[in-house]
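Report on the structure
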Amino acid sequence: METMKRRSWAEPFKIKSVEPLRMTTREEREATIREAGYNTFLLKSKDVYIDLLTDSGTNAMSDYQWAGMMLGDEAYAGSENYYNLEAKVQEYYGYKYLVPTHQGRGAENLISHILIKPGQYVPGNMYFTTTRLHQELAGGTFVDVIIDEAHDAQIEHPFKGNVDLNKFQALIDRVGAEKVAYITIGATVNMAGGQPISMENLRSVYQLASKNKIKVVFDATRAMENAFFIKKREKGYENKTIKEILREMCSYSDAATMSGKKDLLVNIGGFLALNDYEVFEEARNMVVVYEGLHTYGGLAGRDMEAMARGIEEACQFDHLQARIGQVEYVGNRLIELGVPIVRPVGGHAIFLDAKKFYPQLEQLKFPAQTLAAELYLDSGIRAMERGIVSAGLNKETGDHYYPKLELVRLTFPRRVYTQAHCDVTVESVYEVWNNRASVKGLTMVYEPKYLRFFQARFEKL
Ligand SMILES: *Cc1c(COP(=O)(O)O)cnc(C)c1O
């Protein structure tokens, strides 16, 4: 017998506690998705089989984190767990000051209000929904300065999250550096498909920003996943640890907003981290208004402990290899089957190219929203629209933003699903792909004012 040469990676954990899943019939799903207005955000979780809606707060915690939960110091002020979290943030990310928040958008709210004066511009490497909204609510205008390749689902580029320095410079030339509040740098870039930014680009952005006295605010939500890609793809980083790479990434910024619900393997939590004492002081004061005292920021002591411990675990190479490896596994199988997805495969999700599924649907028939509903109908798998519904309305013109990409995101919670769940997912997507010709699209019948993708309702055409 020929010996097996190939060695797969496997998850660096075994399973100690399980949660049963419920399977439904197609008839049941036809009723539930209709009741949910064909919006997967409005489905009840009990009606979902494999939940790939988001990797946000859906992670499985370790026994080490659960043990930490029991050590929650639920004091109103000065909880021990706050100091543990502060120490880990300083050690792993390298910022001096910490303001905990209930999740990422809490930090975005603080920094947007502190740093943006009405009428200013905020460039960034592609928008993120909550980030841009907080910038707009603070009176700013977001300007996309990501490289063009990021807007093309099919171009292979190792660092599709990179900033186009010429676009950044052009904005400075056009409006003047004093009208640029700061630049937001996402790593990885969620809306581009979980695509990383290179260390070289981070360094150059920081140099250009600093030269113009513009602050860099890092969206560190998936920075550890980004660090994994730098280690794999960028020359000179092969032998560095994830922790070393992360520290260097953060060194090219002045502050960071963080959603612990992603990288940090918790169900709730986030923070704002800063180097500038004056900005910190203001944030520490403001957090009392919106979140809670500056030593808990809307979190229980136990939540801060779980996040502090999550930082240690999430920064392990083996963890990231299994996490990103799982996403890659699904991506490669779909590519083999000829299903159109965003290339290259990103860190946290597979993005199906809905325009390629449904060339018969114009954008206002909501191809990505339709595809997410079809996938649920086929198998009870829940995905998310990332297309015209998510892009929202342009606050100046009142018209839709028309993003180039109409995507459906299959997002993988960390340490939750097995390879067999991945296989079922691939099979269902393939089935929906094969039935694509007869699909007619949706019409929007209810549109909420903010972040409409969460609550909008649709009917079948
Ligand atoms: C999730 C997310 C946020 C917002 O964080 P929440 O914890 O959901 O409030 C900000 N930026 C990026 C890139 C995210 O993925």
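Residues numbered from 1 in each chain as written. Predicted model: local features only at pLDDT ≥ 70, side-chain atom pairs only at ≥ 80, totals over all residues. Heavy atoms only, no water.

1. Focus: helix 1 (residues 26-35)
Along helix 1, the residues classified as buried are Arg29, Thr32 and Ile33. When helix 1 is viewed along its axis, its buried side chains cluster within an angular range of 95° and face the same direction. With respect to the buried face of helix 1, the exposed residues turned more than 90 degrees away are Glu27, Arg34 and Glu35. Close packing links the buried residues of helix 1 with helix 14 (367-379). Positive phi appears at glycine 37, one or two residues downstream of helix 1, with a value of about 60°. (Buried < 20%, exposed > 50% of the residue type's maximum accessible area, 1.4 Å probe, protein only. Helix = DSSP H or I, 4+ residues; strand = E, 2+ residues; numbered from the N terminus. Arc of directions from axis to C-beta. Contact = heavy atoms within 4.5 Å.)

2. Notes on the domain arrangement of the protein chain
In terms of domain boundaries, the protein chain breaks down into domain 1 (26-55 + 317-460) and domain 2 (63-314). Taking the mean C-alpha position of each, domain 1 and domain 2 sit 26 Å from one another. Connecting domain 1 to domain 2 are five salt bridges. Of the charged contacts in the structure, one is a salt bridge between aspartate 55 and arginine 222, with a shortest N-O distance of 2.8 Å. Where domain 1 meets domain 2, there are 16 residue pairs in polar contact (both at pLDDT 80 or more). A total of six residues in the side of domain 1 that touches domain 2 trace back to one element, the largest contributor, which is helix 12 (residues 317-336). Partitioning the side of domain 1 that touches domain 2 into residue classes produces 17 nonpolar, six polar and 11 charged. (Domains from an automatic or database assignment. Salt bridge = Lys/Arg side-chain N within 4 Å of Asp/Glu carboxyl O. Polar contact = N/O pair within 3.5 Å; in protein donor to acceptor, adjacent residues only side chain to side chain. Nonpolar A, V, L, I, M, F, W, Y, C, P; charged D, E, K, R; others polar.)

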